[in-house]
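Residue-level listing of the chains:
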Amino acid sequence: MSIDSQKFETQAVRTQVEKTQFMEHSVPMYLTSGFVFEGSEEMRAAFAEEKERNLYSRFSNPNTTEFVDKICALEGAEDGYAFATGMAAVFSTFAALLNAGDHIVSARSVFGSTHSLFTKYFPKWNIETSYFAVNEVEKVERLIQPNTKIIYAESPTNPGVDVLDLELLGAIAKKHGILLVIDNCFATPYLQNPIQFGADLVIHSATKLIDGQGRVLGGVTVGKKELIREIYLFARNTGPALSPFNAWVLSKSLETLPVRADRHCDNALKLAEFLEAHPKVNWVKYPFLKSHPQYEVAKKQMRLGGNIVAFEVAGGVAGGKTFFDSIKMCSLSANLGDTRTIVTHPASTTHSKLAVEDKLAVGITDGMVRCSVGLEHIDDIIADISQALEQI
Ligand SMILES: *Cc1c(COP(=O)(O)O)cnc(C)c1O
């Protein structure tokens, strides 16, 4: 059986550094900044890239290569590069591929720091961004200009869990010869593979469900070989590389991604159904609830609905404050994708830098809660959230 025909779960477990010195069953950590050479000719050939080998861990390291190889196998990508954080991956991808004067078309609803890149930093280099609403993907074409280089989106979005039609975005990008870059963080490679729908590059914050246990930061960009080459050259000169230690942790984490994700998604759907029937909850959004505005699209492009549930508690600001202060077991934290269930208030934390009208445009209201559903027993998760809602 060829490797390519192996199932996702098998590739997640079996993609490894091929041969280690002592044939360790668990790949060791290669905690080294540099690598040595037999002689000057070997060193010259390595620097001239005539021979593929490790030189210096800012360029590559066996642990980061293993991690990248796994993500490539799981996303169906040709090549990739691993970064210290998800934001390093987002920034470096744009910085490597764009020139001054280029234009981005992006979904309005993106991660808070990505929004800051578009609004605060890229304009310094005369790179402007036009936005489309998550429910108006068909309007993307009207925003395309002669200097548009990249169409960018997350799906599901953070924090509103809106779902964008990746197939439609892929077709638009292809028709206009523009790159489609998808931040696939909320779905993980297990739930959705954007390259299948026409994405040229896929970005992950590995900090979230890929680690899945709230331990390390990491990021990765995978996709077309010639684009990754540009990103690699940018990164090898500017230095946002993932540490071998974190790469080792993340490679191990990937082995259990499918089983973890199955339980995360199962718990999340049950919580979403519970919240939908609760009188103290104004609305609930979860991709695999029939009431989700893009339910059909979610079913088409995702294996399961993910682990993030967004909802609005009754009573506005005061209701939100009472809810968060009444939580007993779940963690109040900004992270997501951990084994532990986390509740976050986007309006005052992750998305606090957005202007009020920008928050409302992407559905962030004062009473909105983003819940990253963990791996505790679902009865205990529901019991905690239920008692907190009762206090409102
Ligand atoms: C967290 C997150 C990022 C940034 O990742 P870091 O690892 O925290 O830098 C980017 N995109 C999305 C959708 C995220 O949730």
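Residues numbered from 1 in each chain as written. Predicted model: local features only at pLDDT ≥ 70, side-chain atom pairs only at ≥ 80, totals over all residues. Heavy atoms only, no water.

There is about 1,100 Å³ of room inside the largest pocket. Looking at the largest pocket, it is lined by 36 residues, and the ones nearest its centre are Glu52, Arg53, Asn54, Ser60 and Thr65. Of all the elements in the fold, those that place two or more residues in the lining of the largest pocket are helix 3 (62-75), strand 1 (79-83) and helix 9 (225-238). No other element matches helix 3, which puts 7 residues into the lining of the largest pocket. Of the residues belonging to the lining of the largest pocket, the class tally is 17 nonpolar, 7 polar and 12 charged. (1 Å grid on protein atoms, 1.4 Å probe; cavity = no way out; pocket = protein on both sides within 12 Å on 5 of 7 lines; lining within 4 Å. Points joined across faces, edges and corners; volume = space filled by probe spheres on them. Helix = DSSP H or I, 4+ residues; strand = E, 2+ residues; numbered from the N terminus. Nonpolar A, V, L, I, M, F, W, Y, C, P; charged D, E, K, R; others polar.)

Turning next to unusual backbone geometry. Look at the link from Ser155 to Pro156: it is a cis peptide, with omega at -10 degrees. Residue placement: Pro156 occurs in the loop between strand 4 (148-154) and helix 7 (166-176). Asn158 connects to Pro159 through a cis peptide bond whose omega is 5 degrees. By the secondary structure assignment, Pro159 is in the loop between strand 4 and helix 7. For Met23, which is not glycine, the phi torsion reads 55 degrees and is therefore positive. Inspection of the secondary structure assignment puts Met23 in the loop between helix 1 (8-14) and helix 2 (40-47). We note that Val161 has phi near 45 degrees; this positive angle belongs to a residue other than glycine. Within the fold, Val161 resides in the loop between strand 4 and helix 7.

Summary: where empty space remains is shown by rolling a probe the size of a single water molecule over the atoms. Counting across every chain of the model gives 2 cavities of 30 Å³ or more. For the largest cavity, the calculated volume is near 60 Å³. At the level of secondary structure, the elements contributing two or more residues to the lining of the largest cavity comprise helix 3 and helix 10 (244-255). Counting residues per element, the lining of the largest cavity draws most heavily on helix 10, at 4 residues. For the lining of the largest cavity, the residue count by class is 2 nonpolar, 3 polar and 4 charged. If you add up the space inside the second largest cavity, you get close to 30 Å³. Lining the second largest cavity are Phe186, Ala187, Thr188, Leu191, Leu209, Ala261, His264, Cys265, Gly306 and Asn307. With 3 residues, the single largest contributor to the lining of the second largest cavity is helix 11 (residues 257-276). Its residues assigned to classes, the lining of the second largest cavity comprises 6 nonpolar, 4 polar and no charged.

Bringing the pattern of salt bridges into the picture now. Pairing is possible between side chains that carry opposite charge, provided their charged atoms lie close to one another. Evaluated as defined, the whole model comprises 18 salt bridges. When the shortest N-O distance is used, the salt bridge between Arg44 and Glu50 registers 3.0 Å. Relative accessible area serves as the criterion here: at 55%, Glu50 is assigned to the exposed category. Note that Lys300 and Glu167 form a salt bridge whose closest N and O atoms lie 2.9 Å from each other. Note that Lys300 is positioned in helix 12 (residues 295-301) and Glu167 in helix 7, a separation of 133 residues in sequence. Owing to a relative accessible area of 40%, Lys300 belongs among the partly exposed residues under this scheme. The partly exposed category is assigned to Glu167, whose relative accessible area is 42%. A cluster of three or more residues bridged by salt bridges with shared partners is formed by Glu41, Arg44 and Glu50. (Salt bridge = Lys/Arg side-chain N within 4 Å of Asp/Glu carboxyl O. Buried < 20%, exposed > 50% of the residue type's maximum accessible area, 1.4 Å probe, protein only.)

Below, the discussion takes up the site of the ligand. The ligand sits among 13 residues. The nearest are Met87, Asp183, Ser205, Thr207 and Lys208. At 2.9 Å, a backbone N or O of Gly86 approaches an oxygen atom of the ligand. The separation between a nitrogen atom of the ligand and a polar side-chain atom of Asp183 is 2.6 Å. Within the complex, 91% of the 380 Å² of free accessible area of the ligand lies under protein. Of the residues in the shell around the ligand, the class split is 4 nonpolar, 6 polar and 3 charged. (Near = heavy atom within 4 Å. Polar contact = N/O pair within 3.5 Å; in protein donor to acceptor, adjacent residues only side chain to side chain. Areas by Shrake-Rupley, 256 points an atom, 1.4 Å probe, with all protein chains shown as cover.)

Next up on the list: the nonpolar core. In this structure, Phe67, Ile151, Leu169, Phe311, Phe323 and Ile385 are the most contacted members of the largest nonpolar core, which totals 75 residues. The dominant element in this core, judged by the number of residues it contributes, is helix 11, at 7 residues. Residues contacting Ile151, with those up to four places away along its chain left out, are Val105, Val140, Ile144, Leu169, Ile172, Ala173, Ile178, Leu179, Leu180 and Val181. Membership of the second largest hydrophobic core comes to 30 residues, among which are Phe37, Val90, Leu117 and Leu227. (Core = buried A, V, L, I, M, F, W, Y, C linked by side-chain atoms within 4.5 Å. Contact = heavy atoms within 4.5 Å.)

The next point concerns the state of the cysteines. Applying the stated criterion across every chain yields a total of 0 disulfides. In this model Cys72 remains outside any disulfide bridge; the closest cysteine sulfur is found in Cys185, 17 Å from its own. Here Cys371 is not cross-linked by a disulfide; its sulfur's nearest cysteine counterpart is in Cys330, at 5.8 Å. (Disulfide = S-S within 2.5 Å.)

What follows covers the side chain of His103. In this fold, His103 is placed in strand 2 (residues 103-107). Its relative accessible area of 2% is what places His103 among the buried residues.

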